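Structural overview
Here's the letter readout for the chains.
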Amino acid sequence: MTQEDFMREAIRLSIKNVYEGGGPFGAVIVKREEIIACGVNRVVPENDPTSHAEINAIREACRKLGVFDLTGCEIYSSCEPCPMCLSAIYWAHLDRLFFANTKEDAKRIGFDDSMIYEEVSRPIIERILPTETFLRDEALKAFDTWRKKPDKMTY
């Protein structure tokens, strides 16, 4: 299969998903020129704001491969990933991202992530979501325990 075939599959999934009650987003993860996982947006059917196509594809790929690191894989998404999905793509260590529709295309049909992109660059005190930090000294004990753990698996 070609890159165009992989992208067409992500697009096909996004269109099919609209008819099945989900959002117009699809994604496939490819390893060695083979699709190993697919995902679609199921936010509304699953009542889960994190059930995005890319997240679902990453979860499926990790389960199938028995890993949490998807180095050696690529992701094809029908749309430019939102901030959450883009972060997950980085955390999963995917080698490459390809997308079709842009975030501007998504914004035109009501999927506007502009506020999130703007919020993460603001100082905490200036963000829309009231945020406080407390009991940091107590919470740092977990980090200290992790730091000292000799057999930890870093990720």
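Residues numbered from 1 in each chain as written. Predicted model: local features only at pLDDT ≥ 70, side-chain atom pairs only at ≥ 80, totals over all residues. Heavy atoms only, no water.

**Describing the nonpolar core**
Generally speaking, soluble globular proteins have nonpolar side chains that are buried together. The biggest cluster of nonpolar side chains holds 22 residues, and the ones touching the most others in it are Ile-29, Ile-58, Leu-70 and Leu-94. Counting residues per element, the ones that place at least two in this core are β1 (26-31), β2 (34-40), α3 (53-65), β3 (73-79) and α4 (83-91). It is α3 that provides the largest number of residues to this core, a total of six residues. In contact with Ile-29, not counting residues within four places along its chain, are Glu-34, Ile-35, Ile-36, Ala-37, Ala-57, Ile-58, Ala-61, Leu-70, Cys-73, Glu-74, Ile-75 and Leu-94. (Core = buried A, V, L, I, M, F, W, Y, C linked by side-chain atoms within 4.5 Å. Buried < 20%, exposed > 50% of the residue type's maximum accessible area, 1.4 Å probe, protein only. Helix = DSSP H or I, 4+ residues; strand = E, 2+ residues; numbered from the N terminus. Contact = heavy atoms within 4.5 Å.)

**Focus: the state of the cysteines**
A full pass over the atoms with the stated rule returns zero disulfides. In this model Cys-73 remains outside any disulfide bridge; the closest cysteine sulfur is found in Cys-62, 8.4 Å from its own. Here Cys-79 stays unpaired: no disulfide links it, and the sulfur of Cys-82, its closest cysteine neighbor, is 9.2 Å away. The class for Cys-79 is buried, based on a relative accessible area of 4%. (Disulfide = S-S within 2.5 Å.)

**Here's the deal with α4**
Side chains of residues three or four places apart in an α-helix project in the same direction, reflecting 3.6 residues per turn. Looking at α4, one finds that the buried residues are Pro-83, Cys-85, Ala-88 and Ile-89. The secondary structure elements touched by the buried residues of α4 are α3, β3, β4 (96-101) and α6 (114-120). Two residues or fewer after α4 comes His-93, characterised by a positive phi angle close to 60°.

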